[in-house]
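So the chains spell out like this:
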Amino acid sequence: MTVKQTTVLTKANQQLKKFAKVVNGNQPIRQVKSGEKLRVGIDLGTSSIVLTVLDEKNHPLYGAFEYDHAVRDGIIVNFIESVQILKRLKAKAEKVLGVELTTACGAVPPGTGEGSSRIVTNVIESADFICQRVVDEPTAAAKFLRLTTGTVVDIGGGTTGISVFKDGELVEVVDEPTGGFHMSLVLAGSRHIDSDKAELIKRDSAMESEVFAVIRPVVEKMATITRTMVQTEIQLPVIVVGGAINFKDFIPTFSKSLKLPAEKPAYPQFVTPLGIAMYDGED
């Protein structure tokens, strides 16, 4: 592990650990000051919708999430459910923070087009926010990590998104339709159950070893996508984020197939939503 890798994740992990303690709780990391400008990020994911709140210096304050079935492979398939969930998350966050949240930013998997961005904007604005911007997910993750040179692999519910950075410049963005939902499909097929039941089993920590033995080929495919789809050179460090990677054997398996060392942050499911919020209020 290089010094650069350690530094990047040490700083990020300090914030992630504090943030995780207040997610869906009844108090923020600190009280909001009068007149303080807050930044909001909204991640409309395949398995959950996450709302994050930062202060004007990009320090995390509060977050909330709900599991959902409103998005599939990075595309919103149930507009009304998405809006209803987001309104609940907004109300919960406003109650805890004691202030109204007015603006927000969203994100989409890279390469999904203007249509997907417009739908995300519509969901956010239908939940009574002003949508400031829609960015691509792995680039948002890199912003939170403050990564200037390296590769971010964002394993979402429906897609694997890859952003490669060099000397502060984004040099390549790739997205392929393989994610956590595909793990659930493989698990469902092996057990002859529906995907919703498989998703619950996948989240059960007591079943982790048994589940990972079944979904290992999907993880290897994600690494192969990263290794073969990136046309430029993969930059180190390689940091993998997203809720689908919360298995103890994920990173060793991914690194072996990638043929490069990879790392994950603490609470990797919150990296992208926090990065999205950092764009709120930017010119």
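Computed from a prediction, not measured in an experiment: that's the story for all the values here.

Enquirer: Give a description of the packing of helix α5 (residues 180–191) against helix α7 (residues 208–229) that names residues and reports values.
Expert: Here α5 crosses α7 at 135 degrees, and the two axes come no closer than 9 Å. Here α5 lies oblique to α7, going by the angle between them. Between α5 and α7 lies a crossing whose hand is right-handed. Along its contact with α5, which presents G180, H182, M183, V186, L187, S190 and R191, the element α7 presents E210, V211, V214, I215, V218, V219 and M222. Here the residues of the contact of α5 with α7 are counted per class, giving 9 nonpolar, 3 polar and 2 charged.

Enquirer: For the packing of α5 against helix α6 (residues 195–203), give the residues involved together with the corresponding values.
Expert: Two numbers describe how α5 lies on α6: the axes approach to 8 Å, and their chain directions differ by 105 degrees. Classified by the angle between their axes, α5 and α6 sit roughly perpendicular to one another. Contacts between α5 and α6 pair G180, F181, M183, S184, L185, L187, A188 and R191 from the former with S195, A198, E199, I201 and K202 from the latter. Class assignment of the residues belonging to the contact of α5 with α6 gives a composition of 7 nonpolar, 3 polar and 3 charged.

Enquirer: If you had to explain the nonpolar core to someone new, which residues and values would you point to?
Expert: Of all hydrophobic cores here, the largest spans 30 residues; its most connected members are I155, M183, V240, F250 and F254. Mapped onto this core, the elements with two or more residues apiece are β8 (150–155), β9 (160–166), α5, α6, α7, β11 (238–241) and α8 (250–258).

Enquirer: Tell me what's going on with the side chain of T160, and back it up with residues and numbers.
Expert: Within the element layout of this structure, T160 appears in strand β9. Within polar-contact distance, the side chain of T160 engages the backbone oxygen of T178 at 2.6 Å. Among all residues touching T160, those that are not within four sequence positions of it are V153, D154, I155, V174, D175, E176, T178, M222 and T226.

Enquirer: Go over a nonpolar patch on the surface, please, and point to the residues and values.
Expert: Residues F79, I80 and I119 make up a contiguous nonpolar surface patch of about 260 Å² in total accessible area. By secondary structure assignment, the location of F79 is in helix α2 (residues 79–97). Looking at F79, the relative accessible area reads 35%, which means it is partly exposed.

Enquirer: Any chance you could break down the packing of aromatic side chains for me, citing the residues and the numbers?
Expert: Scanning the entire structure with this criterion turns up 5 aromatic pairs. Aromatic side chains F250 and F254 sit 5.8 Å apart centroid to centroid with 15 degrees between the ring planes, which places their arrangement in the stacked category. Within this pair, F250 and its partner F254 are both found in helix α8, separated by 4 residues, close to a single helical turn. With respect to class, F250 is no different from F254; both count as buried. The structure contains a cluster of three or more aromatic residues connected by ring pairs, namely F19, Y267 and F270.

Enquirer: Can you explain the confidence of the model for the protein? Please cite residues and give values.
Expert: Model confidence for the protein is summarised by a mean pLDDT of 91, while 94% of its residues fall at 70 or above. The lowest-confidence element of the protein is strand β4 (residues 71–72), averaging 59 in pLDDT; the highest-confidence one is α8, averaging 97. A low-confidence stretch, residues 1–5 (pLDDT under 50), is modelled with 6 contacts involving residues beyond four sequence positions or located in other chains.

Enquirer: Describe the state of the cysteines, and please don't skip the residues or the numbers.
Expert: Cysteine pairs can be covalently joined through their sulfur atoms, and such a bond is termed a disulfide. Applying the stated criterion across every chain yields a total of 0 disulfides. Looking at the unpaired C105, the closest cysteine sulfur is the one in C131, lying at 6.3 Å.

Enquirer: For the sheet that holds β8, give the residues involved together with the corresponding values.
Expert: Across a sheet, paired strands are connected by hydrogen bonds in the backbone, their directions being either parallel or antiparallel. The 5 strands lie next to each other as β10-β9-β8-β11-β12, forming an open sheet whose pairing is mixed. Unpaired on one side and paired on the other, β10 (169–176) and β12 (262–263) mark the two borders of the sheet.

Enquirer: Summarise the pairing of β9; cite the residues concerned and give the values.
Expert: Judged by how many residues are buried, β9 sits mostly within the fold: 6 of 7 residues are covered. For β8 and β9, the ladder comprises 6 bridges, and the chain directions are antiparallel. Its bridge partner being in β9, T151 is matched across the sheet by V164. Between β8 and β9, which pair antiparallel in sequence order, lie 4 residues.

About the thresholds
- Residues numbered from 1 in each chain as written.
- Predicted model: local features only at pLDDT ≥ 70, side-chain atom pairs only at ≥ 80, totals over all residues.
- Heavy atoms only, no water.
- Axes fitted to C-alpha atoms, helices over the stretch in contact; angles between N-to-C directions.
- Helix = DSSP H or I, 4+ residues; strand = E, 2+ residues; numbered from the N terminus.
- Parallel < 35°, antiparallel > 145°, perpendicular 65-115°, else oblique.
- Left-handed = near helix turned anticlockwise from the far one by under 90°.
- Contact = heavy atoms within 4.5 Å.
- Nonpolar A, V, L, I, M, F, W, Y, C, P; charged D, E, K, R; others polar.
- Core = buried A, V, L, I, M, F, W, Y, C linked by side-chain atoms within 4.5 Å.
- Buried < 20%, exposed > 50% of the residue type's maximum accessible area, 1.4 Å probe, protein only.
- Polar contact = N/O pair within 3.5 Å; in protein donor to acceptor, adjacent residues only side chain to side chain.
- Patch = residues over 30% accessible without salt bridge, like charges linked within 9 Å, V, L, I, M, F, W, Y side chains within 5 Å.
- Areas by Shrake-Rupley, 256 points an atom, 1.4 Å probe, with all protein chains shown as cover.
- Salt bridge = Lys/Arg side-chain N within 4 Å of Asp/Glu carboxyl O.
- Phe/Tyr/Trp six-rings, centres within 6.5 Å; stacked < 30°, edge-to-face > 60°.
- pLDDT = per-residue confidence, 0-100.
- Disulfide = S-S within 2.5 Å.
- Pairing = 2+ DSSP bridges.

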